[in-house]
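# Overview (structure and organization)
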Amino acid sequence: MDRDLVWYVSYGSNMNAERLACYIQGGRPPGALIGYTGARDRTPPREAAGVMLPGRLHFAGESRVWSGGMGFYDHDAEGPTPARAFLLTIPQFADVAAQEMHRPVQEDDPVERLVREDVGIGAGTDATAAPAGTRVAVGPGRYETLVVLGERDGVPMLTFTAPEGIGDVPATQPVPAYLDMLAEGLRQSHGWDRERADAYFAARGADLERVGV
C-alpha cells in the first residue's frame, strides 16, 4: 500500500460523497452558504467504507457554511459514532482540512507537514505512526485538532475536530440542510433510513421539532 495514503474519516456532512466531492473537485453543496475551490489533486477517493468510531458526535458553535450548529467528534465520550472513511493521499487530506478550516489550499500546507512530522505518516517517514487517540493541534480553532483513530488495512485513519469536548462547550442546534446532508451520508455509508438517522440525531442533542425536520 502506498505510504502516502491515509483514511480521512468523516462523522459529519462529509459522509455524503457528493458533499466531500466539493472539497476534492470544487463546488457548492446543496443548502450551503459558500462554495469550495477543491483540492490540488482532484482524483476521487480510491476507496470508501462505513466505519464505527468509539467516540461521540455532538453539535456546537455556529457554522459559516450552514448557519446552525456544527458536528464535532469527542473521541473520549461514550459512543459509538457511525462514520465513513475515504482513502485519500496526504496532500488531499490536507486540502480537505484546509477548506474545513476556511484556509486557502496551498503547497507545503501545515496539515501535511503535521501529518508527516508529528503523526509520523507518509513516504520518507521512519517514525512509527502515533497511536489511536493521539491529538495534534494545527491551531486553536474549530476543526483544527487532528485525531488519530487507528488503522484500517494497515493505513492510518485520521479525522479533525475541535479541541474542546462535549462538556466544554454549549450545545447548539443544527439546521435542516445540514442534517439532510448527514442523513444522506448515513444512508450511503451504513444503509440507514431517515427515521433511524433522525433518532440518532435526537440522541446526540438535536431538537428535531425546534430544528424543523
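The structure reproduced in this document is the subject of the present report. (Residues numbered from 1 in each chain as written. Predicted model: local features only at pLDDT ≥ 70, side-chain atom pairs only at ≥ 80, totals over all residues. Heavy atoms only, no water.)

Attention now goes to the packing of aromatic side chains. Aromatic ring pairs: the centre-centre distance and the angle between the two ring planes describe each pair. As enumerated under the stated definition, the model contains ten aromatic pairs in all. Taken together, a centroid distance of 6.5 Å and an interplanar angle of 80° make the contact between Phe59 and Tyr178 edge-to-face. Here Phe59, found in strand β3 (residues 56–60), pairs with Tyr178, found in helix α4 (residues 176–190); they are 119 residues apart in sequence, far enough to count as distant. A single burial state applies to Phe59 and to Tyr178, both of which are buried. Ring centres of Trp66 and Tyr178 lie 5.8 Å apart, and the angle between their planes is 45°; this geometry places the pair in the tilted category. With Trp66 in the loop between β3 and β4 (70–74) and Tyr178 in helix α4, this pair connects stretches of sequence that are 112 residues apart. As far as burial versus exposure is concerned, Trp66 and Tyr178 are alike and both buried. Each member of the aromatic cluster is reached from another via a ring pair, and the members are Tyr8, Phe93 and Phe160. Over the aromatic face of Trp7 sits the side chain of Arg152, whose NZ or CZ is 5.6 Å from the ring centroid. (Phe/Tyr/Trp six-rings, centres within 6.5 Å; stacked < 30°, edge-to-face > 60°. Helix = DSSP H or I, 4+ residues; strand = E, 2+ residues; numbered from the N terminus. Buried < 20%, exposed > 50% of the residue type's maximum accessible area, 1.4 Å probe, protein only. Lys NZ or Arg CZ within 6 Å of the ring centre and 35° of its normal.)

Helix α5 (residues 194–203) packs onto α4 with a crossing angle of 120° between their chain directions and a minimal axis gap of 9 Å. Here α5 runs oblique to α4, going by the angle between their axes. For the pair α4 and α5, the sense of crossing is right-handed. Across from Leu179, Asp180, Leu182, Ala183 and Leu186 in α4, the residues of α5 making contact are Arg194, Ala197, Tyr200 and Phe201. Looking at the contact of α4 with α5, its residues break down into seven nonpolar, no polar and two charged. (Axes fitted to C-alpha atoms, helices over the stretch in contact; angles between N-to-C directions. Parallel < 35°, antiparallel > 145°, perpendicular 65-115°, else oblique. Left-handed = near helix turned anticlockwise from the far one by under 90°. Contact = heavy atoms within 4.5 Å. Nonpolar A, V, L, I, M, F, W, Y, C, P; charged D, E, K, R; others polar.)

What follows covers the pairing of strand β1 (residues 5–10). Within β1, six of the six residues are buried, leaving the element largely enclosed by the surrounding structure. The two faces of β1 match: Leu5, Trp7 and Val9 on one face and Val6, Tyr8 and Ser10 on the other face are all buried. In terms of strand pairing, β1 meets strand β5 (residues 81–89) through six bridges, oriented antiparallel. Bridge pairing links Ser10 to Arg84 in β5. Relative to strand β8 (residues 155–161), β1 is paired through two bridges, and the arrangement is parallel. Looking across to β8, one finds that Tyr8 is bridged to Leu158. (Pairing = 2+ DSSP bridges.)

A few words now on the pattern of salt bridges. Per the stated rule, a full pass over the model turns up eleven salt bridges. We note a salt bridge from Arg40 to Glu107, for which the minimum N-O separation is 3.3 Å. Of this pair, Arg40 sits in the loop between α1 (17–25) and β2 (48–53) while Glu107 sits in the loop between α2 (90–100) and α3 (110–117), and the two are 67 residues apart along the sequence. One salt bridge in this structure joins Glu112 and Arg116, with 3.3 Å as the shortest N-O distance. With Glu112 and Arg116 both in helix α3, this residue pair falls four residues apart, about one helical turn. Among the charged side chains, a salt-bridge network with shared partners connects Asp4, Arg40, Asp95, Glu107, Glu112 and Arg116. (Salt bridge = Lys/Arg side-chain N within 4 Å of Asp/Glu carboxyl O.)

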